[in-house]
Each structure stands twice: as structure tokens, then as C-alpha cells.
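Residue strings, one per chain:
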Amino acid sequence: HGILPYFIEVSDRPSQWRLFSSALAGGTSISKEKLDTPAGAEAIAKYARQVGAPALVPDTSVNVKQVIGYRSILAPYCDLIAPSTEAISIEDDKLRQIHLAREVGFQVLPTWVLARPADAASVPADAFPICVRPSDVRIRPRFKVLLLRHRAELEALLNRTEFGGSVILAQRFLNAPNFMMHGVRSRTGKMLPPKLGLLAYVADAYLDGRSDDILAA
């Protein structure tokens, strides 16, 4: 019989679910303020039970961290198709990602962990230019990534940084293709194999001379 999708719109007004897709079977709305409370999670669970929905999939327009925090409230009524709290914490921690990549055998660029101004001296002179980025969101002032060409720039950055218990990561700057690998899981939780489109993307980079070699695992 197929799947009957329902839509929960985050809005203070009555749901306009018919405007989003003709494939939807119905919808409702919930305010952002209520969504961020246990009462909001209970309202979602009630709606899922009402329409017989076996699963809930949060999209990028909501705070996924907030939703997964209410997994225990939703669990009796529907499966929450979202990462675990542990997985989300890894996504937010760049240093932990590097450690995990090394553990599973990936080749990782030499990385210098900078936790205080004096750590600038740990970066060799021949490493510059370097890319630096915060390990997580505790670094102030916030930034995403910076290209630093000289040690003086690094020292100035570290002197004005409030670390808050976090660190800044430094790696050599390489003018190379930027590959972002995304894993997709099946409904059973098993990882799905890469498709030909991904393989073609890697092969094209090699054939076009944008990558010197290909590492297959």
C-alpha cells in the first residue's frame, strides 16, 4: 500500500501542509517554543499515534539535537530516525573525528593541537602556510577556518583566543580537491555501498589531474 507521509510544520499558524507536497497524507503544526519542551515531544508522539505513523524523521529546519533528547518520550509510539546523541557529539568535535579516522586506518595530515598561546612554537617553520580551525564551538571569538601564512599570524590568533577548554587544530595547507564523504544507512541500519556516481567522481578527479593518486579501502 506504500507509505503515507505526514508533515509536522514548525509554525505558530495552522499547518499549510498541502502547500509543501501533493504526496502528503496530512499534517499539523507545532510552535518552535513548544517544540523545545517535553510537552512538544509529547504532542508529536500523540500525533504519530493518531495517524499511525511508525517513524519520525526530523529535517534540517529543526534542532536535531533537541529532538533526539526526547527520544525516550517518542520511543513508545514511533521510531526516531535520527543519529544518536553519541554520533551528534562526534560530528561537533573535529579532534575526535581525527582520532577516529586514524583508528580505522585513514591517512590523516600531520595535525598540531593548540590549547594556549605558547603552543604556536610547536608548529614547524616549514609547515606554513597552515589551515586552522576550532575543534568545537567553545572557541571564542568564533570562526570556521583560517589560512595563516606566517607564525606571527598564528601567535596573534592564539593570543586573542578564549579557549574555554577546547583547542584549535592546525594542518598544512594543501591546494587539493576537497572531498566530502557521506555514508548512508539502510532501514535496517546496515551501511549502504557507494554507488557508481561516487566512484566516477573520484575517477574524474584522478583523470583530470586534480588528484595525484586514489586510495581505495
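Basis of the calculations
Residues numbered from 1 in each chain as written. Predicted model: local features only at pLDDT ≥ 70, side-chain atom pairs only at ≥ 80, totals over all residues. Heavy atoms only, no water. Phe/Tyr/Trp six-rings, centres within 6.5 Å; stacked < 30°, edge-to-face > 60°. Helix = DSSP H or I, 4+ residues; strand = E, 2+ residues; numbered from the N terminus. Salt bridge = Lys/Arg side-chain N within 4 Å of Asp/Glu carboxyl O. Buried < 20%, exposed > 50% of the residue type's maximum accessible area, 1.4 Å probe, protein only. Core = buried A, V, L, I, M, F, W, Y, C linked by side-chain atoms within 4.5 Å. Contact = heavy atoms within 4.5 Å. 1 Å grid on protein atoms, 1.4 Å probe; cavity = no way out; pocket = protein on both sides within 12 Å on 5 of 7 lines; lining within 4 Å. Points joined across faces, edges and corners; volume = space filled by probe spheres on them. Nonpolar A, V, L, I, M, F, W, Y, C, P; charged D, E, K, R; others polar. Pairing = 2+ DSSP bridges. Axes fitted to C-alpha atoms, helices over the stretch in contact; angles between N-to-C directions. Expected span 1.5 Å × (residues − 1).

### Some remarks on the packing of aromatic side chains
And then number 1: Across all of its chains, the model carries two aromatic pairs by this definition.
And then number 2: For the pair Tyr6 and Tyr47, a centre-to-centre distance of 6.4 Å together with 80° between the ring planes defines the contact as edge-to-face. One end of the pair, Tyr6, is in strand 1 (residues 6-10); the other, Tyr47, is in helix 2 (residues 38-51), with 41 residues separating them in the sequence.
And then number 3: Taken together, a centroid distance of 4.5 Å and an interplanar angle of 40° make the contact between Phe7 and Phe20 tilted. Taken together, the positions of Phe7 in strand 1 and Phe20 in the loop between strand 1 and strand 2 (26-30) put the pair 13 residues apart, joining distant regions of the chain.

### Some details on the pattern of salt bridges
And then number 1: Scanning all chains against the criterion turns up five salt bridges.
And then number 2: Put simply, Lys32 and Asp36 hold a salt bridge, and the shortest N to O gap is 3.5 Å.
And then number 3: Here Asp36 falls in the partly exposed class, since its relative accessible area comes to 30%.
And then number 4: When the shortest N-O distance is used, the salt bridge between Arg138 and Asp136 registers 2.8 Å.
And then number 5: With a relative accessible area of 44%, Arg138 lands in the partly exposed category.
And then number 6: Overall, the relative accessible area of 15% leaves Asp136 in the buried class.

### Let's talk about the nonpolar core
In summary, soluble globular proteins display a tendency toward joint burial of nonpolar side chains.
And then number 1: Ranked by internal contacts, the top residues of the largest apolar core, which has 17 residues, are Leu114, Val123, Ile130, Val132, Leu154, Leu158 and Ile168.
And then number 2: Of all the secondary structure elements, the ones that give two or more residues to this core are strand 5 (111-114), strand 6 (130-134), helix 7 (151-160) and strand 8 (168-172).
And then number 3: For this core, the element with the highest residue contribution is helix 7, accounting for three residues.
And then number 4: Among residues more than four places away in sequence, those in contact with Leu154 are Leu114, Ala120, Val123, Phe128, Ile130, Val132 and Leu148.
And then number 5: Ile30, Leu35, Leu56 and Val67 belong to the second largest nonpolar core, which has 13 residues in total.

### Looking at empty space enclosed by the protein
And then number 1: The tally for this structure, following the rule as stated, stands at one cavity of 30 Å³ or more.
And then number 2: Looking at the largest cavity, its volume works out to about 40 Å³.
And then number 3: Residues that form the lining of the largest cavity fall into these classes: six nonpolar, one polar and no charged.

### Quick notes on the sheet that holds strand 7 (residues 146-148)
And then number 1: Strand order in the open sheet formed by four strands is 5-8-6-7, with antiparallel pairing between adjacent strands. Two strands bound the open sheet, and with one partner strand each, they are strand 5 and strand 7. Between one strand axis and the next, the sheet turns through 30° on average, direction left out of account.
And then number 2: As paired elements, strand 6 and strand 7 share three bridges and run antiparallel to each other.

### A look at the environment of Gly165
And then number 1: Structurally, Gly165 can be placed in the loop between helix 7 and strand 8.
And then number 2: Between the alpha carbons of Gly165 and Ile139 there is a distance of 8.3 Å; along the sequence they are 26 residues apart.

### Quick notes on helix 2
And then number 1: Taking 1.5 Å of rise per residue, 14 residues should cover 20 Å, and helix 2 covers 20 Å from first to last C-alpha, within 8% of that figure.
And then number 2: Contacts made by the buried residues of helix 2 are with strand 1, strand 2, helix 1 (32-35), strand 3 (55-56) and helix 4 (71-74).
And then number 3: Just downstream of helix 2, Gly52 is the residue with a positive phi angle, here 75°.

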